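Listed here are the chains, written in short residue letters.
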Amino acid sequence: MILGEIDFIECDEKKRLKKETFLIKEQDVKELKEMIRSVYKEIINLSFWDKKCENKNCYFCNLRKITE
Ligand SMILES: [Zn+2]
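Keep in mind it's a predicted model, so treat the numbers as computed, not measured.

(A) Representation of the coordination of the zinc ion. Of the protein atoms, only C53 (SG), C58 (SG) and C61 (SG) coordinate the zinc ion, at distances of 2.2 to 2.3 Å. Here the donor residues of the zinc ion are spaced in sequence according to C-x4-C-x2-C.

So this is what it looks like as structure tokens:
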């Protein structure tokens, strides 16, 4: 894949149909592959379980705290 395109089916505020084109660089593909590998590892060894995000009011992190 080298290119992605989104055709909007509703007009914007200027009553124009919008089309958004994304060029996918080799570097983007490389970074995504690395992210998939690292998240896969975290899932397999369950290390994601102790991770928390920066948002103190995060619904998911607070849900996680309840299980401790
Ligand atoms: Zn969170």
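Still more to cover.
(B) Just the packing of aromatic side chains, in detail. If you walk through the whole model with that rule in mind, you get 2 aromatic pairs. Where F48 meets W49, the ring centres are 6.1 Å apart and the plane angle is 85 degrees; that geometry is what we call edge-to-face. Given the relative accessible area of 34%, F48 is considered partly exposed. Since its relative accessible area comes to 43%, W49 is described here as partly exposed. Summarising the aromatic geometry, the rings of Y59 and F60 are spaced 5.3 Å apart at their centres and angled 80 degrees between planes, so their arrangement reads as edge-to-face. Here Y59 and F60 have matching classes, each one exposed.

(C) Just the pattern of salt bridges, in detail. Applying the stated criterion across every chain yields a total of 5 salt bridges. A network of salt bridges, in which partner residues are shared, links E5, D7 and K19.

(D) Representation of the environment of C61 in the model. Examined against the element boundaries, C61 turns out to sit in helix α2 (residues 59-66). A sequence separation of 33 residues divides C61 from D28, and the C-alpha atoms of the two residues are 29 Å apart. Aside from chain neighbours lying at most four places away, what touches C61 is K52 and C53.

Parameters and conventions
- Residues numbered from 1 in each chain as written.
- Predicted model: local features only at pLDDT ≥ 70, side-chain atom pairs only at ≥ 80, totals over all residues.
- Heavy atoms only, no water.
- Donors = N, O, S within 2.8 Å, 3.2 Å for Na, K, Ca; no water.
- Phe/Tyr/Trp six-rings, centres within 6.5 Å; stacked < 30°, edge-to-face > 60°.
- Buried < 20%, exposed > 50% of the residue type's maximum accessible area, 1.4 Å probe, protein only.
- Salt bridge = Lys/Arg side-chain N within 4 Å of Asp/Glu carboxyl O.
- Helix = DSSP H or I, 4+ residues; strand = E, 2+ residues; numbered from the N terminus.
- Contact = heavy atoms within 4.5 Å.

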